[in-house]
Amino acid sequence: MSTQKLENHVVVKNNLFIQKAESLKPELKSSMVKPERLVEVNLDPSVMHGWKVEPASSIDALDKREFKKGDSFIVDFGDHQVGYLTFRVRPVGSPPDAPLKLKLTIGEMPVEMGEPFENYDGWLSSAWLQEETIFVDVLPETITLPRRYSFRYVKFEVLATSQKYQVMFEDIECRAVTSADLEAVEALGHPDQMLQKIDEVSIKTLADCMQDVFEDGPKRDRRLWLGDLRLQALANYETFGTNELVKRCLYLFAGVPNDKGNVSANVFIEPQLIADDTFLFDYSLFFLSTLHDYYLATRDTETLKELWPTAYCQVELALERLDEDQILVDSSAWWSFIDWQQGLNKQTPSQAILIYTLKQAVHLAEELNVSEKEIVAARLEEIVSATKKYLWDEEQQFFVSGQDRQVSWASQIWMVLAGVVTEEESKQLMNRLLEEKPEIGIATPYMYHHFIEALLIAGEKELAISEMKTYWGGMIEDGADTFWELYDPKDKEFSPYGSHLINSYCHAWSCTPTYLIRKYNL
Ligand code: RAM
C-alpha cells in the first residue's frame, strides 16, 4: 500500500492565487450522445481481462422489449464518454403496484460489465466502482443520475417490479462534458495508420480528462495530480492549446502549500480547494517543471514572476534532502513516486529528476534575471559530479540505486532525460538497457512516456517509434478507446491496487503520444 496520512498538515492559503485560479475556471462544453447498440459480454480467455463484447441487437430493439424482475441488458455508447446519464422508464401491464428497483453498472471496460463488483478486494476504496441502485416510486419517470460517470457501457438490471407490471426503457442518453475544444486541434494526417490512430486516442484521452481542471482520471481519482498535470500540459500545448487551464492548475497548487512552502502531490477542488496531505519528492519538483514548460509555451512573464517563489521553494526543499555526498537520502516510505513498478528503488531516479528540474530552474532564473541563477548553477555542478561518482557503476555500466545498488529502467531513463550523460553515452545506455533488460522494469504508461522520450533524446527515433507502436498500439489492439492508467503487455491483469476493476481506463498520464508524435515529428 502506498499512502501518506499526516497528523499535522498546516496549509498556508494564498487567497490571491486561489482567486486567480477561480477566475480561470473553464466553461464546460456539453454534447448529447446516444448509445449505439445493445451488447453482451462473454467469457473469452483470448481477450483483455477475459471478457469479450459481442453485439446483441440494434438499440431500436429496446422499443419492443419489456423487462421483468431478473432481466437485464447492456448498452454500448460506441466510444468512451464522461458525463451525465439520462433515460426514461415506463410501466407496461397492470398499474405499477410496487416501486421499481433498478441496478445500473457503469463501466469503461467490458470487465466491469462481466465481473461482479462484490468480488473487489483491492486497497483503494470500492466506492470508485461505478454503480447505482435506484428505487422509482412513480412511473413513468425520466431519470437523470446526479453523478458524473466515465464509461462506454451501462448495464441495466431490473431487480424488482411486481408480478403485475413490467418496464420499458427509452431515450437513454449521455450529456458528455469536457473543457477541451476539439476544433482547436490541428489534424495530424499521419501517413502511418497506427501513429494516426494513437494520436487520435491520445487526444480523446486528454479531452475526457479535461474538466474543471486537468483531472488524472474521470473515473478515478478525479483530481489534480502534479505528475499527471505536467504531462497533460505538454500534450495540451501540441493540441488544444488551452493554456489558461494549465495556468489555473498551477495557481491551484500554489494557492495551498504547507507551512514550509511545499506544494502537495495533488489537490481536491470540491467543495473548495483542499490540498491533500500527500507530498512526493518528484511531484513537488514538477511544479517547477510545469511552470517551465508553461513559460516556454506561452512566454507569460507575469505568471512566471508570480509563481517563481513557489517553484524555487520546491527546489530549496528538495536540496535539503541531499546528504553530505550530494546524494538524496533514501527511504522505504512512499517518498517519491517515479512509477508503480513493484520493488523499484526511488533514490537514483529521484536524483535524476532533481538534476532535470535544477536545469529548468537555472533557465527560469536566467529569464527572470534573479540571483538564484548562480546558486542553483553551482549546486547543479556539484550534484551532477556526485551523481556520476556515487551512482554510476563502472563495472555494470548502469546507474544504480539504493543500498542494494539496484539497476532499474527508471534510473537509466531519468539520467538520460536529465542529461547527465552525453548523447552518445545515452545511446549506448539505452541500447544496453534494451539488450540486458534489467528485471526492475516499467509498470505504467507514465514511465513508458519517459522511456520513449529518453530514446528520442538518445537519437534513437526509429526505436522510439517502434516501442511506442508496440505499447500504445498494443493497448488499441486490446480494445482501448482511451489510453489506460496501467498496461503491462506481459501481465494484462496488472494493477498496483490489488484489482484491475479499480484501474482507470482513461488516464491523464497515458495521453502523451500525441505530444511525442507532434513535438518530435515522429
Ligand atoms: C495514482 C493515479 C495518479 C497518480 C498517482 C501517483 O493514484 O494514477 O494519476 O499521479 O497514482
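See above for the structure.
This section reports on the structure supplied with the text. (Residues numbered from 1 in each chain as written. Predicted model: local features only at pLDDT ≥ 70, side-chain atom pairs only at ≥ 80, totals over all residues. Heavy atoms only, no water.)

## So, the overall build of the protein
Across its full length, the protein holds 14 helices and 14 strands. Since a compact globule built from 522 residues should have a radius of gyration of about 24 Å, the 25 Å found for the protein is in line with a globular shape. In terms of overall dimensions, the protein has a C-alpha envelope of 85 × 50 × 45 Å along the principal axes. Residue burial in the protein is summarised as follows: out of 522 residues, 61% are buried. Sequence-distant contacts in the protein: of pairs separated by 6 or more residues, those separated by 24 or more amount to 76%. For the protein, the exposed surface amounts to about 21,500 Å²; the carbon and sulfur share of it is 47%. Positive and negative charge centroids in the protein, built from 51 and 84 side chains respectively, lie 4 Å apart. (Helix = DSSP H or I, 4+ residues; strand = E, 2+ residues; numbered from the N terminus. Rg over C-alpha atoms; globule rule 2.2 N^0.38 Å. Buried < 20%, exposed > 50% of the residue type's maximum accessible area, 1.4 Å probe, protein only. Contact = heavy atoms within 4.5 Å. Areas by Shrake-Rupley, 256 points an atom, 1.4 Å probe, with all protein chains shown as cover. Lys, Arg positive; Asp, Glu negative; His and termini not counted. Charge placed at Lys NZ, Arg CZ, Asp CG, Glu CD.)

## As for the site of the ligand
Taken together, D216, R220, D221, W225, D228, Y283, F337, W340, E485, Y497, H507 and W509 make up the full set of residues adjacent to the ligand. D221 has a polar side-chain atom sitting 3.0 Å from an oxygen atom of the ligand. One of the side-chain N or O atoms of Y283 is found 2.8 Å from an oxygen atom in the ligand. Protein contacts shield 96% of the accessible area of the ligand, which totals 290 Å² for the unbound molecule. The residue makeup of the shell around the ligand, split by class, is six nonpolar, one polar and five charged. (Near = heavy atom within 4 Å. Polar contact = N/O pair within 3.5 Å; in protein donor to acceptor, adjacent residues only side chain to side chain. Nonpolar A, V, L, I, M, F, W, Y, C, P; charged D, E, K, R; others polar.)

## Overview of the packing of aromatic side chains
Applying the stated criterion across every chain, the model contains 36 aromatic pairs. Considering the side-chain rings of Y446 and W509, the 5.0 Å spacing of their centres and the 35° angle between planes classify their relative orientation as tilted. Remark: W509 occurs in the loop between α13 (461–477) and α14 (513–519) and Y446 occurs in helix α12 (residues 445–457); sequence separation between them is 63 residues. Each of the two residues, Y446 as well as W509, counts as buried. Measuring from ring centre to ring centre gives 5.8 Å for W484 and Y505, while their planes differ by 80°; the resulting arrangement is edge-to-face. (Phe/Tyr/Trp six-rings, centres within 6.5 Å; stacked < 30°, edge-to-face > 60°.)

## Section: the nonpolar core
Y283, L354, I413 and F451 are the most contacted members of the largest nonpolar core, which totals 151 residues. For this core, the element with the highest residue contribution is helix α8 (residues 347–368), accounting for 11 residues. Among the domains, domain 1 (29–178) and domain 2 (180–519) are the pair contributing at least three residues each to this core. Filtering out sequence-adjacent residues up to four positions away, F451 remains in contact with W409, I413, M430, L434, I442 and E467. (Core = buried A, V, L, I, M, F, W, Y, C linked by side-chain atoms within 4.5 Å. Domains from an automatic or database assignment.)

Note that all results are geometric; they support no functional claim without further evidence.
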